[in-house]
Amino acid sequence: MRYPLIFLLTALTLGLTGCQDKARHEMPPLQVQLTSPTREDMTHYVGYLGTVTPIQTVTVIPQTSGLLQNISFTQGAMVSKGQTLFTIDPAQTRAELAQALAKLAADQATARYNRNLVDQDRPLAEKDFITRQSFDQAVSQAQAAAAQVAEDQAAVQQARINLSYTHILAPITGRIGLALVKAGNLVVANQTQLTTINEINPITINFSVPQAQLGAARLAQSQNTNLPIQDEKGGTLLAQGKLTFIDNTVSASTATVSLQVTVPNTNHKLWPGQYVLVQMPVQHIANALVLPVGAVQQGSSGPFVYTVEQGKATDKAIQVLWETGAKAVISGISTHTQVIFPLPARLYPGAAVQTGAAGQPAKQQHQGSLS
C-alpha cells in the first residue's frame with residue numbers, strides 16, 4: 001500500500017508545479033512607455049576640489065607703543081578702508097609733539113637772531129669796519145641755526161605721524177577677525193598683533209587639474225567662461241567665477257597644473273579657507289544624444305537600455321559619455337531608437353511588454369543606426 005501512496009503524492013506535486021509554471025507564463029505583459037534620445041548641445045563639467053583664498057590678508061600691527069585705550073569695531077564684521085579700529089592712549093605722543101613744537105619755536109627765534117646779525121654785519125664787513133673772519137663766523141652761525149630749524153621741523157612732523165599712529169585705521173576693506181588684544185593692555189610698536197582682515201569681495205579659489213585638462217583650462221580662460229562654484233558635496237550652487245590664472249609650470253611630482261578662479265562674491269557665500277567644487281568645462285559636444293539618466297541601466301557588460309522587439313523587452317548596449325543632473329549623454333543608438341522609460345519594477349530581458357491600451361501588444365520597434 002506504501003507505493004501507490006507515494007505515486008499519488010508525486011502526481012499531485014507535479015500537477016501543482018505545472019499549474020504554477022502555466023500561471024507564471026500566462027502573467028499579463030508589463031505596461032511600458034517609450035521615449036527616444038534627443039539632440040542637445042551639451043558641455044561636460046568636471047568638479048575639482050578647491051580652497052577659497054582671500055585676495056589680501058592683512059595682519060594689523062601697531063606702529064607706536066602704548067596702552068590700548070579702545071576697540072572700535074565689531075568682531076567678525078565688515079570694515080571699510082580708513083575706518084578706526086583701535087585707539088592707543090595718545091597722552092605720551094601728544095607730549096612729544098608739544099616738546100618738538102617748543103624746541104622748534106626756540107630754534108626759529110635763534111635762527112632769526114642770527115639772520116639779523118648777518119644782515120647787520122654785511123655792510124660793516126664791506127667797509128672793513130669789522131674783520132672778514134667775524135662776518136664769516138656770523139654767517140656760519142646763521143646757517144647752523146637754519147639747519148637746526150629744519151631738523152626741528154622734521155621732528156615735529158615725526159611727532160605728528162606718531163600721534164596719528166595712536167588711531168589705528170583699517171588698511172583695506174574686508175571682514176575683520178577677533179581682537180587679539182583687549183583694551184588696557186600694553187602694545188609694542190611693530191610687534192604686537194592686534195587682528196587680521198581678509199578681503200573677501202572679490203575672492204579667489206585655488207585648485208589643480210590633471211595636465212591632460214590643461215587645454216580645456218586654457219580654452220575656458222580665453223573664452224572668459226563662467227565656472228560654476230558648488231559646495232564641497234556638489235549639491236548647492238554658491239557662485240560663478242572666471243578662470244584668471246594658470247600656472248606656468250606643470251608640477252613634476254603630481255602632474256597637475258595650479259589654477260585660480262576669481263569670484264565677485266558680492267553675497268559673501270564664499271568664505272576664506274572653505275572647500276568648494278569648481279566645475280570646469282572639459283568637453284563640449286554639439287547635437288549630442290541625450291537620454292534621461294533613469295533610462296540607463298548598468299549590467300555586467302556595461303550600460304544598456306531596454307528596447308522592445310516582438311513584444312519583448314530587449315537589452316541594448318550603449319556607451320555613457322557622461323551624466324549631468326537628470327540627463328545622460330550617450331552613444332550607440334540613434335534618435336530613431338525607442339527605449340523603455342520609465343522602467344517598471346519587474347522589467348527584465350525577455351519580459352512581455354506592451355504599450356498603449358491594455359491587451360494590445362507592443363509593436364516591434366525599428367532599430368536605427370549608430371549615431
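The rules behind each value
- Residues numbered from 1 in each chain as written.
- Predicted model: local features only at pLDDT ≥ 70, side-chain atom pairs only at ≥ 80, totals over all residues.
- Heavy atoms only, no water.
- Salt bridge = Lys/Arg side-chain N within 4 Å of Asp/Glu carboxyl O.
- Helix = DSSP H or I, 4+ residues; strand = E, 2+ residues; numbered from the N terminus.
- Buried < 20%, exposed > 50% of the residue type's maximum accessible area, 1.4 Å probe, protein only.
- Arc of directions from axis to C-beta.
- Polar contact = N/O pair within 3.5 Å; in protein donor to acceptor, adjacent residues only side chain to side chain.
- Contact = heavy atoms within 4.5 Å.
- Phe/Tyr/Trp six-rings, centres within 6.5 Å; stacked < 30°, edge-to-face > 60°.
- Pairing = 2+ DSSP bridges.
- Axes fitted to C-alpha atoms, helices over the stretch in contact; angles between N-to-C directions.

Student: Could you give an account of the pattern of salt bridges, with specific residues and numbers?
Tutor: Tallied over the full model, the rule gives five salt bridges. Between arginine 122 and aspartate 119 there is a salt bridge, with its nearest N and O atoms 3.6 Å apart. Here arginine 122 and its partner aspartate 119 are both found in helix H2 (residues 91-126), three residues apart, which amounts to about one turn of the helix. In this structure arginine 122 comes out as partly exposed when scored by relative accessible area, which is 36%. Given the relative accessible area of 47%, aspartate 119 is considered partly exposed. Put simply, Lys103, Asp107 and Asp152 are held in one network by salt bridges that share partners.

Student: How would you explain helix H4 (residues 214-222) if you had to name every residue and give the values?
Tutor: Within H4, the full set of buried residues consists of Ala216, Ala217 and Ala220. In an axial view of H4, the angular spread of the buried residues amounts to 100°, which keeps them on one side of the axis. Turned more than 90 degrees away from the buried face of H4 sit Arg218 and Ser222, all of them exposed.

Student: Mind laying out the side chain of arginine 175, listing which residues take part and the relevant values?
Tutor: If you trace the backbone, arginine 175 turns up in strand E9 (residues 174-176). Within the structure, arginine 175 has its side chain in polar contact with the backbone oxygen of glycine 76 (distance 2.8 Å). Filtering out sequence-adjacent residues up to four positions away, arginine 175 remains in contact with Gly76, Ala77, Met78, Thr196, Ile197, Asn198, Ile200, His268 and Trp271.

Student: Any details on the packing of aromatic side chains? Residues and values, ideally.
Tutor: Taken as a whole and assessed by the stated rule, the structure comprises three aromatic pairs. Relative to phenylalanine 86, the ring of phenylalanine 73 lies with its centre 5.2 Å away and its plane at 80°, an arrangement referred to as edge-to-face. Placement of phenylalanine 73 in the loop between strand E5 (66-71) and strand E6 (78-79) and of phenylalanine 86 in strand E7 (residues 84-88) is noted, with a sequence separation of 13 residues between them. The pair phenylalanine 73 / phenylalanine 86 is uniform in exposure class, with both members buried.

Student: I'd like a description of unusual backbone geometry, backed by residues and values.
Tutor: With an omega of 5°, the peptide bond running from asparagine 201 to proline 202 counts as cis. Take proline 202: it is sitting in the loop between strand E11 (195-198) and strand E12 (203-210). Cis geometry is adopted by the peptide bond preceding proline 342, which originates at phenylalanine 341 and carries an omega value of 0°. Relative to the elements of secondary structure, proline 342 occurs in the loop between strand E22 (339-340) and strand E23 (353-354). Unusually for a residue other than glycine, alanine 255 sits at a positive phi of about 55°. By the secondary structure assignment, alanine 255 is in the loop between strand E14 (237-246) and strand E15 (256-263). The partly exposed category is assigned to alanine 255, whose relative accessible area is 33%. At asparagine 265, a residue that is not glycine, the phi angle is positive and equals roughly 55°. Here asparagine 265 lies in the loop between E15 and strand E16 (275-292).

Student: Tell me about the sheet that holds strand E10 (residues 186-187), and please be specific about residues and values.
Tutor: Reading across from one edge, E8-E7-E5-E10 is the order of the four strands in this open sheet, with antiparallel pairing throughout. Of all strands in the sheet, those with a lone pairing partner are strand E8 (167-169) and E10, marking the two edges. For E5 and E10, the ladder comprises two bridges, and the chain directions are antiparallel. Within E10, the position partnered with glycine 66 by the bridge is valine 187.

Student: Describe the sheet that holds strand E17 (residues 297-299), and please don't skip the residues or the numbers.
Tutor: A sheet is described by the order of its strands in space; here three strands give the open sequence E17-E18-E19, paired in antiparallel fashion. Edge positions in the sheet fall to E17 and strand E19 (312-317), since each of these pairs with one other strand and no more. Each neighbouring strand pair of the sheet contributes to a mean axis angle of 50°, computed without reference to strand direction. Across six bridges, strand E18 (residues 302-309) lies against E19 in antiparallel orientation. Looking at the pairing, threonine 307 lines up with threonine 314 of E19.

Student: Which residues make up the environment of asparagine 226, and what are the values?
Tutor: By the element assignment, asparagine 226 lies in strand E13 (residues 226-231). In this structure asparagine 226 comes out as partly exposed when scored by relative accessible area, which is 36%. C-alpha of asparagine 226 to C-alpha of glycine 241: the two residues are 15 residues apart in sequence and 5.5 Å apart in space. Only 3.0 Å separates the side chain of asparagine 226 from the side chain of lysine 242, close enough to count as a polar contact.

The values reported here are purely geometric and, on their own, carry no functional implication.
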